[in-house]
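Observations on the three-dimensional arrangement
These are the residues of each chain, in order.
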Amino acid sequence: MSDAFMTLIAIMIAAVLILFPLMSMADRTDDISEITVQTATTEFVDKVKTTGKITVDSYNEFASTLATTGNTYDIEMQIQHLDENPGVKVTQADVTKIGENLYYNEYTSQIEERLHNDKRIALKEGDIFSVTVKNTNKTIAEMLRGFFYSISGDDTYQISGRHAGTVSVNGASK
């Protein structure tokens with residue numbers, strides 16, 4: 001009886017000693033994926049800011065870089081277009097003044113539709129472009145954490161990236 005009990009204890013200790021390094025490696029993999037996602041998001045937004053345009057090729061390159069992590073992602077984009085006529089209803093029409101600039105928004109589905117139809121979107125100086133990326137699948141680290149800590153919920157995400165900036169040049173027209 002004592003030998004069977006000691007064997008059972010040894011098996012449980014061995015299982016715990018194997019699972020903690022596995023959890024640690026899974027967490028490191030998620031950390032690397034998050035760094036990759038944040039870097040790709042920053043590079044994509046910065047490219048749009050400095051060129052003044054979003055192209056199908058740059059968007060596909062961005063999505064391909066995200067796919068290299070082995071996860072699936074929800075990509076949310078937003079363009080805040082600077083109103084070309086901000087001084088219509090005011091007496092001072094200086095677009096450099098704070099508080100007088102008006103923006104209208106364009107969101108992911110509209111952006112993707114325009115990219116599909118026109119192959120590019122030209123932006124102008126002063127437009128604001130932002131991208132938010134969140135993983136949609138459960139990573140191995142999330143599954144292990146859920147198993148050990150009984151964490152539940154489908155609205156959680158482990159890997160994300162976010163970046164935004166103001167366009168500094170006018171994108172060339174077709």
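Our subject is the structure listed above.
Summarised in this report is the structure supplied together with it. Computed from a prediction, not measured in an experiment: that's the story for all the values here.

What counts, and where the lines are drawn
- Residues numbered from 1 in each chain as written.
- Predicted model: local features only at pLDDT ≥ 70, side-chain atom pairs only at ≥ 80, totals over all residues.
- Heavy atoms only, no water.
- Helix = DSSP H or I, 4+ residues; strand = E, 2+ residues; numbered from the N terminus.
- Buried < 20%, exposed > 50% of the residue type's maximum accessible area, 1.4 Å probe, protein only.
- Areas by Shrake-Rupley, 256 points an atom, 1.4 Å probe, with all protein chains shown as cover.
- Contact = heavy atoms within 4.5 Å.
- Core = buried A, V, L, I, M, F, W, Y, C linked by side-chain atoms within 4.5 Å.
- Arc of directions from axis to C-beta.
- Salt bridge = Lys/Arg side-chain N within 4 Å of Asp/Glu carboxyl O.
- Axes fitted to C-alpha atoms, helices over the stretch in contact; angles between N-to-C directions.
- Parallel < 35°, antiparallel > 145°, perpendicular 65-115°, else oblique.
- Nonpolar A, V, L, I, M, F, W, Y, C, P; charged D, E, K, R; others polar.
- Pairing = 2+ DSSP bridges.

Turning next to the overall build of the protein chain. Check the secondary structure of the protein chain and you find four helices and six strands. Counted from the first residue to the last, the protein chain has its helices and strands arranged as α-β-α-β-β-α-β-β-α-β. Here the protein chain holds 174 residues, and the buried ones make up 31% of them. When the accessible area of the protein chain is evaluated, it comes to approximately 11,100 Å², of which 58% is carbon and sulfur surface.

Within the secondary structure, Val167 is located in the segment after β6 (160–166). On the accessibility criterion, Val167 (1% relative accessible area) is buried. Between the C-alpha atoms of Val167 and Lys53, which are 114 residues apart in sequence, the distance is 9.0 Å. Residue contacts for Val167: discarding those within four places in its chain leaves Val48, Lys49, Gly52, Leu123, Lys124, Glu125, Gly126 and Asp127.

In this section: the nonpolar core. Among the nonpolar cores identified, the biggest contains 22 residues, and Phe44, Ile54, Phe129 and Val131 are the most heavily contacted of them. Where this core is concerned, the elements lending two or more residues are α1 (2–51), α2 (56–67), β2 (73–82), α3 (108–118) and β5 (128–135). At five residues, α1 tops the list of elements feeding residues into this core.

By the burial criterion, the buried members of α3 are Thr108, Ile111 and Leu115. Angularly, the buried residues of α3 cover 65° about the axis, an arc narrow enough to put them on a single face. In α3, those exposed residues whose orientation departs by more than 90 degrees from the buried face are Ser109, Glu113, His116 and Asn117. Packing partners of the buried residues in α3 comprise β1 (53–55), α2, β2, β3 (103–107) and β4 (120–122). Two residues or fewer past α3, Lys119 is found with a positive phi of approximately 70°.

This part covers the pattern of salt bridges. Side-chain pairing between opposite charges can occur once the charged atoms of the two side chains come close. Enumeration according to the criterion identifies four salt bridges in this entry. Lys124 is the salt-bridge partner of Asp127, the closest N and O atoms lying 3.4 Å from each other. With relative accessibility at 0%, the residue Asp127 sits in the buried group.

Now for the environment of Ser64. Its location among the elements puts Ser64 in helix α2. A sequence separation of 24 residues divides Ser64 from Ala40, and the C-alpha atoms of the two residues are 9.8 Å apart.

The next thing to look at is the packing of α1 against α2. Packing of α1 against α2 leaves a shortest axis separation of 9 Å and a crossing angle of 170°. As the angle between them shows, α1 and α2 are arranged roughly antiparallel. Listed contacts from α2 to Thr36, Val37, Ala40, Thr41, Phe44 and Lys47 of α1 are Ser58, Tyr59, Glu61, Phe62, Thr65 and Leu66. Looking at side-chain class alone, the contact of α1 with α2 contains six nonpolar, four polar and two charged residues.

Okay, the sheet that holds β2 next. Taking strand neighbours across the sheet as the criterion, the four strands line up as β3-β2-β5-β6 in an open arrangement whose pairing is antiparallel. Each edge of the open sheet is held by one strand with a lone partner, namely β3 and β6. Within this sheet the neighbouring strands show an average axis-to-axis angle of 10°, counted without direction. Sheet analysis places β5 next to β6, joined by seven bridges and oriented antiparallel. Looking across to β6, one finds that Ser130 is bridged to Ala164. The sheet contacts of α2 involve β2 and β5, and relative to β2 the element is tilted by about 150°.

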